[in-house]
Amino acid sequence: LARSVASDGTWRRRYPFGSIFAHAIGYASPRYGKAGLERALDSVLSPPPGAGFWSLESTGSRGTDVRTTLDSRLQETAARLLTRPGAVVAIEPATGKIRCLYSYPGFDPEKIDSSFPSYAADARKPFIDRAAAGLYTPGSSFKIITLAAYLEHGGSLVDRFPAPAVFRVGGFRVTNYGGESYGTITVREAFARSVNTVFAQMGLKTGEVTLVATARAFGIERDLPFELPFKTGRLPAATADPATLAWTAVGQADLLISPLEMALVAATIANGGAMPLPTLREDRPVQTRRVVSEATAQAVSQAMVDVVRTGTGKRAALPGITVAGKTGTAEVPGGDPHSWFVGFAPADNPRIVVCVIVEHGGLGGQKAARIFREMVRQALGEGGQ
């Protein structure tokens, strides 16, 4: 992914994949410094202090190779599928090894010396690693956390709630997409259909303390050890307000989360309630921490399977394999909603978790779900086996 080569009597870094790995690998420039893994692992990659990084030929001193967890097939698939601003993350739920960390738009690390000013001036902000450092309103993908909080503290998938088109709380209205009313339905059905008015009631019943504590247990507002700059999500400041709490449970309000964080939320469910700590290094030991019980994780997983089988995520389905997922359609100012999809497969023995966000991409069950499906197909092999 990056190597030092001799050129015109000096040594330079070469990046054979161009922009595909740009945000993860970063760059090493004598003019503009270092970024990404080139910066984070500089003490490993570079010769010992004083050996002269840019004069290896004369000193004969070398650094140490680093093998990343990244899969070039998945990175190339993400680069082919994501053609508008957004991010794709793929992670092994049992190990935390990140197999894809792709952000669009990007930059060519081989052109940093000549093109840095134009990249820096680009209004699309290609230097931002949207996968690890981009914060977005999660929309209904956050309902994974709301459901886990509800189940972990005494709730059940078969509990029933009224599901009107409009639910009023504190002088405000929570509404369902398209203004639909569903009568009285179970929690499991509400999750599959992504019924906002039910999840608003679930959030109020669960309570502010429990919902906030569960979100933080999943990593929101909590630092995680990771090789790259990583932004933690933010919960609304006023969750004690009933209307804000209701909208938070739905995944709106002033709630923000990164794609990597959302991938870790799904990885926690896929891994039986234990969150794997993420890594980009093959040699890092596996580390996990318990977030919710195995029973809660299994119940959420069952509900996520329903999303793909019969609910809002049908476009994520693959023949011959059981897929678990959750759509997110995040209402944001300035354009169409952000399109989210996060999930894992096979649902009964998860091998890969994928999270996709397409900025202003519309419904999560459309653009993001289709990218998710193709990423899972690639990760599991032809036919999804």
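From a predicted model like this one, the values you see are computed outputs, not experimental measurements.

### Concerning the overall build of the protein chain
Okay, so step 1: A tally of regular secondary structure across the protein chain gives 15 helices and 15 strands.
Okay, so step 2: Computed over its C-alpha atoms, the radius of gyration of the protein chain comes to 22 Å, within 12% of the 21 Å expected for a compact globule of 385 residues.
Okay, so step 3: In terms of its C-alpha atoms, the protein chain occupies a principal-axis envelope of roughly 75 × 40 × 35 Å.
Okay, so step 4: When burial is assessed residue by residue, the protein chain has 57% of its 385 residues classed as buried.
Okay, so step 5: Sequence-distant contacts in the protein chain: of pairs separated by 6 or more residues, those separated by 24 or more amount to 63%.
Okay, so step 6: Total accessible area on the protein chain is roughly 15,600 Å²; 48% of this is exposed by carbon and sulfur atoms.
Okay, so step 7: Here the protein chain holds 42 positive side-chain charges and 34 negative ones, and the gap between their average locations is 3 Å.

### Overview of the pairing of strand 1 (residues 3-7)
Okay, so step 1: Relative to strand 2 (residues 10-14), strand 1 runs antiparallel, the two being bridged by 5 bridges. Residue pairing for strand 2: alanine 6 is matched across the bridge by tryptophan 11.
Okay, so step 2: Here strand 1 folds back onto strand 2 in antiparallel fashion, the turn holding 2 residues, of which aspartate 8 has a positive phi close to 50°.

### Remarks on the packing of helix 10 (residues 196-206) against helix 12 (residues 242-250)
Okay, so step 1: Relative orientation of the contacting elements helix 10 and helix 12 amounts to 120°, with a least axis distance of 7 Å. Considering their axes alone, helix 10 and helix 12 lie oblique with respect to each other. As for the relative orientation of helix 10 and helix 12, their crossing is right-handed in sense. Mapping the contact onto sequence places Asn196, Phe199, Ala200, Gly203 and Leu204 in helix 10 and Pro242, Leu245, Ala246, Ala249 and Val250 in helix 12.
Okay, so step 2: Class assignment of the residues belonging to the contact of helix 10 with helix 12 gives a composition of 8 nonpolar, 2 polar and no charged.

### Details of the pattern of salt bridges
Okay, so step 1: If you walk through the whole model with that rule in mind, you get 16 salt bridges.
Okay, so step 2: Between glutamate 38 and arginine 13 there is a salt bridge; the shortest N-O distance is 3.0 Å. In this pair, glutamate 38 sits in helix 2 (residues 36-40) while arginine 13 sits in strand 2, placing the two residues 25 residues apart along the sequence. Both residues of the pair, glutamate 38 and arginine 13, belong to the buried class.
Okay, so step 3: Between arginine 281 and aspartate 283 there is a salt bridge, with its nearest N and O atoms 2.9 Å apart.
Okay, so step 4: It is possible to trace a salt-bridge network through shared partners that takes in Glu92, Lys97, Arg99 and Glu282.

### A short note on helix 11 (residues 208-217)
Okay, so step 1: For helix 11, the full list of buried residues reads Thr210, Leu211, Val212, Thr214 and Ala215.
Okay, so step 2: Along its buried surface, helix 11 packs onto helix 8 (143-152), helix 10 and helix 12.
Okay, so step 3: One or two steps after helix 11, the chain reaches glycine 219, where phi turns positive at roughly 110°.

### Side note on unusual backbone geometry
Okay, so step 1: Geometrically, the link from tyrosine 104 to proline 105 is a cis peptide bond, its omega value of 0° lying close to zero.
Okay, so step 2: Along the chain, the position of proline 105 falls in the loop between strand 6 (98-104) and helix 6 (112-121).
Okay, so step 3: A cis amide bond links alanine 345 to the next residue, proline 346, at an omega of -15°.
Okay, so step 4: Non-glycine residue lysine 125 carries a positive phi angle of around 55°.
Okay, so step 5: Assignment of secondary structure puts lysine 125 in the loop between helix 6 and helix 7 (130-133).
Okay, so step 6: Phi at alanine 253 is positive, roughly 60°, even though this residue is not glycine.
Okay, so step 7: In this structure, alanine 253 sits in the loop between helix 12 and helix 13 (259-270).

### Thoughts on the sheet that holds strand 5 (residues 86-91)
Okay, so step 1: Across the sheet, which stays open at both edges, the 5 strands sit in the order 6-5-15-14-13 with antiparallel pairing between neighbours. Each edge of the open sheet carries a strand with a single partner, namely strand 6 and strand 13 (324-330). For this sheet, the mean angle separating the axes of adjacent strands, direction not counted, is 5°.
Okay, so step 2: The pairing of strand 5 with strand 15 (residues 352-358) spans 6 bridges and is classified as antiparallel. Looking at strand 15, one finds that valine 88 is bridged to valine 356.

### Concerning the confidence of the model for the protein chain
Predicted coordinates in areas of low pLDDT are best not read in detail.
Okay, so step 1: In this model, the protein chain carries a mean pLDDT of 92, and residues with pLDDT of at least 70 account for 95%.
Okay, so step 2: Note that residues 50-60 has pLDDT below 50 and, in this model, 17 contacts with residues that lie over four places away or in other chains.

Cut-off values and rules
Residues numbered from 1 in each chain as written. Predicted model: local features only at pLDDT ≥ 70, side-chain atom pairs only at ≥ 80, totals over all residues. Heavy atoms only, no water. Helix = DSSP H or I, 4+ residues; strand = E, 2+ residues; numbered from the N terminus. Rg over C-alpha atoms; globule rule 2.2 N^0.38 Å. Buried < 20%, exposed > 50% of the residue type's maximum accessible area, 1.4 Å probe, protein only. Contact = heavy atoms within 4.5 Å. Areas by Shrake-Rupley, 256 points an atom, 1.4 Å probe, with all protein chains shown as cover. Lys, Arg positive; Asp, Glu negative; His and termini not counted. Charge placed at Lys NZ, Arg CZ, Asp CG, Glu CD. Pairing = 2+ DSSP bridges. Axes fitted to C-alpha atoms, helices over the stretch in contact; angles between N-to-C directions. Parallel < 35°, antiparallel > 145°, perpendicular 65-115°, else oblique. Left-handed = near helix turned anticlockwise from the far one by under 90°. Nonpolar A, V, L, I, M, F, W, Y, C, P; charged D, E, K, R; others polar. Salt bridge = Lys/Arg side-chain N within 4 Å of Asp/Glu carboxyl O. pLDDT = per-residue confidence, 0-100.

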